[in-house]
Amino acid sequence: MARQIKSQNISIIEDDFAVCETLNIYFSARNNVQTFASAEEALAAEADFQDIDVFIIDYKLPGKNGIELFQHLRVHFPEAKYILITGEMNYDLAESTRQIGFDALILKPFDITILDDNISGLIATTA
């Protein structure tokens, strides 16, 4: 059974409405969740990110991709945890995300409890 994270501020940046809505419903039961359909939408709301604990970022976004968004956010929010989700996996992408500092990389489609366990583990390491 997945460990549920409690009282976290989570920002989800995902352009697939069904995936975004599923994550929002699942995590908003116990957390404060913000959702955005693009990197540009998220960046427009950047002033509201001061208390974000976890960013869940899709790799393939319209406009800036998830890595470009991460590189910007990491400078401004270094204490947050960052998870990249992607439907396309290759060695170069996996190595790149590790080298630049993502906390986790999860391949779609995924069981939502895997994402939940990853977040719980990341939060536990900073508690």
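Cut-off values and rules
Residues numbered from 1 in each chain as written. Predicted model: local features only at pLDDT ≥ 70, side-chain atom pairs only at ≥ 80, totals over all residues. Heavy atoms only, no water. Helix = DSSP H or I, 4+ residues; strand = E, 2+ residues; numbered from the N terminus. Rg over C-alpha atoms; globule rule 2.2 N^0.38 Å. Buried < 20%, exposed > 50% of the residue type's maximum accessible area, 1.4 Å probe, protein only. Contact = heavy atoms within 4.5 Å. Areas by Shrake-Rupley, 256 points an atom, 1.4 Å probe, with all protein chains shown as cover. Lys, Arg positive; Asp, Glu negative; His and termini not counted. Charge placed at Lys NZ, Arg CZ, Asp CG, Glu CD. Core = buried A, V, L, I, M, F, W, Y, C linked by side-chain atoms within 4.5 Å. Pairing = 2+ DSSP bridges. Axes fitted to C-alpha atoms, helices over the stretch in contact; angles between N-to-C directions. 1 Å grid on protein atoms, 1.4 Å probe; cavity = no way out; pocket = protein on both sides within 12 Å on 5 of 7 lines; lining within 4 Å. Points joined across faces, edges and corners; volume = space filled by probe spheres on them. Nonpolar A, V, L, I, M, F, W, Y, C, P; charged D, E, K, R; others polar.

Looking at the overall build of the protein chain
Here is step 1 of the chain: Secondary structure assignment for the protein chain yields 5 helices and 5 strands.
Here is step 2 of the chain: The order of helices and strands in the protein chain, counted from the N terminus, is β-α-β-α-β-α-β-α-β-α.
Here is step 3 of the chain: Relative to the 2.2 N^0.38 estimate, which gives 14 Å for 127 residues, the radius of gyration of the protein chain is 13 Å and therefore close to what a compact globule would have.
Here is step 4 of the chain: Across its three principal axes, the protein chain shows a C-alpha extent of roughly 30 × 30 × 30 Å.
Here is step 5 of the chain: Counting across all 127 residues of the protein chain, residues that qualify as buried make up 46%.
Here is step 6 of the chain: Counting only contacts in the protein chain whose residues sit at least 6 apart along the sequence, the fraction spanning at least 24 positions is 60%.
Here is step 7 of the chain: Summed over its atoms, the accessible surface of the protein chain is roughly 6600 Å², and 51% of this surface lies on carbon and sulfur atoms.
Here is step 8 of the chain: Taking the 9 positively charged and 20 negatively charged side chains of the protein chain as two groups, their mean positions are separated by 6 Å.

With respect to the nonpolar core
Here is step 1 of the chain: Of all hydrophobic cores here, the largest spans 22 residues; its most connected members are Ile13, Phe49, Phe55, Ile57, Leu69, Leu73 and Tyr82.
Here is step 2 of the chain: Every element with two or more residues in this core is listed here: α2 (39-44), β3 (54-58), α3 (66-76) and β4 (81-86).
Here is step 3 of the chain: Here the element with the most residues in this core is α3; it accounts for 4 residues.
Here is step 4 of the chain: Sequence-distant contacts of Ile57, defined by excluding residues within four places in its chain, comprise Ile13, Gly66, Leu69, Phe70, Leu73, Tyr82, Ile83, Leu84 and Ile85.
Here is step 5 of the chain: In this structure, Ile10, Leu23, Ala104 and Leu115 belong to the second largest nonpolar core, which totals 17 residues.

A few points about the sheet that holds strand β2 (residues 32-36)
Here is step 1 of the chain: Ordered by their spatial adjacency, 5 strands build an open sheet running β2-β1-β3-β4-β5, and the pairing between neighbours is parallel. The strands lining the two open edges of the sheet, one partner per strand, are β2 and β5 (104-107). The average angle at which neighbouring strand axes cross in this sheet is 15 degrees, direction not considered.
Here is step 2 of the chain: Along the sheet face, helix α1 (residues 17-28) touches β1 (9-13), β2, β3 and β4 and points at about 170 degrees away from the line of β2.

Overview of the layout of surface pockets
Here is step 1 of the chain: Taken as a whole, the largest pocket holds about 180 Å³ of empty space.
Here is step 2 of the chain: Taken together, 14 residues make up the lining of the largest pocket; nearest its centre are Gln50, Ile52, Asp53, Glu79 and Ala80.
Here is step 3 of the chain: In the lining of the largest pocket, the residues fall into 6 nonpolar, 4 polar and 4 charged.

All we've got here are geometric facts, nothing functional implied.
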